[in-house]
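Listed below are the residues making up each chain.
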Amino acid sequence: MRGHGHASRGAGRATYILPGSDTSARWARYLTTAYLDHGCGERVPAEQADDAILVVSELVTNATRHGGGRCRLRLGVDHGRVTVEVHDTSPEHPPARVMPADPLAEGGRGIAMVRGLSRRFSVLTGPGTGKTVQAVLAC
């Protein structure tokens, strides 16, 4: 599996295309860690980086499971804010429900976690197909 994209030092942004695979979330965590540690051009506190890695993992997992295959991960760092964007080809928005109906269910808590870790959470639609789920984390 390969992630495609680039992260130029000082640019504050990186974009990666990930395949629709069960291993994409693991690869996305690796790419996010490398970007935040070495490529974003700003110092990102460890706690904020950990939160960003968790958000990336959840959003990429959702995109590859429910979003119609491969996805695009875009990371940005600007003035203490880490922005995570994951685009997929499905027009379906993440559920607004905060918790699963069954408290013993194994899934259904991820978007609630992402919303809780984010200063701003939104689902963007625009020209073309699909959607971009955006989470902005601040120190």
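Residues numbered from 1 in each chain as written. Predicted model: local features only at pLDDT ≥ 70, side-chain atom pairs only at ≥ 80, totals over all residues. Heavy atoms only, no water.

Student: Talk me through the overall build of the protein; I want residue IDs and the actual numbers.
Tutor: Assigned secondary structure in the protein consists of three helices and six strands. Reading the protein from its N end, one meets helices and strands in the order β-β-α-α-β-β-α-β-β. Considering only residue pairs separated by 6 or more positions, the protein has 59% of its internal contacts joining residues 24 or more positions apart. (Helix = DSSP H or I, 4+ residues; strand = E, 2+ residues; numbered from the N terminus. Contact = heavy atoms within 4.5 Å.)

Student: Kindly report on the packing of helix H1 (residues 24–39) against helix H2 (residues 46–66), identifying the contributing residues and their values.
Tutor: Here H1 crosses H2 at 150 degrees, and the two axes come no closer than 9 Å. It follows from the interaxial angle that H1 and H2 lie roughly antiparallel. Crossing handedness for the pair H1 and H2: right-handed. Where H1 abuts H2, its residues Ser24, Ala25, Ala28, Arg29, Thr32, Thr33 and Leu36 lie against Ala49, Ala52, Ile53, Val56, Ser57, Val60, Thr61 and Thr64. (Axes fitted to C-alpha atoms, helices over the stretch in contact; angles between N-to-C directions. Parallel < 35°, antiparallel > 145°, perpendicular 65-115°, else oblique. Left-handed = near helix turned anticlockwise from the far one by under 90°.)

Student: Can you tell me about the pairing of strand S3 (residues 71–78), naming the residues and giving the values?
Tutor: Taken residue by residue, a regular strand's side chains alternate between the two faces of the sheet. Inspection of the sheet shows strand S2 (residues 13–18) paired to S3 by six bridges, in the antiparallel sense. Pairing of Ile17 across the sheet is with Arg72, part of S3. The hairpin formed by S3 and strand S4 (residues 81–88) contains two residues between the paired strands, and His79 there has a positive phi angle of roughly 50 degrees. (Pairing = 2+ DSSP bridges.)

Student: Provide a residue-level description of the environment of Val86, including the pertinent values.
Tutor: Tracing the chain through its elements places Val86 in strand S4. In sequence terms Val86 and Thr132 are 46 residues apart; their C-alpha atoms lie 5.4 Å from each other. When near neighbours in sequence (up to four residues on either side) are disregarded, Val86 contacts Leu59, Val60, Ala63, Cys71, Arg72, Leu73, Lys131, Thr132 and Val133.

Student: Kindly report on the pairing of strand S5 (residues 120–124), identifying the contributing residues and their values.
Tutor: Where S5 and strand S6 (residues 131–138) come together, five bridges link them in antiparallel fashion. What sits directly across from Arg120, in S6, is Val136. Hairpin remark: S5 followed by S6, antiparallel, with six residues in the connecting loop; positive phi at Gly128, about 95 degrees.

Student: Account for helix H3 (residues 110–117), naming residues and giving values.
Tutor: Each α-helix turn comprises 3.6 residues. Residues three or four places apart therefore point the same way. All of the buried residues along H3 are Gly110, Ile111, Ala112 and Val114. For H3, the secondary structure elements touched by its buried residues are H2, S5 and S6. (Buried < 20%, exposed > 50% of the residue type's maximum accessible area, 1.4 Å probe, protein only.)

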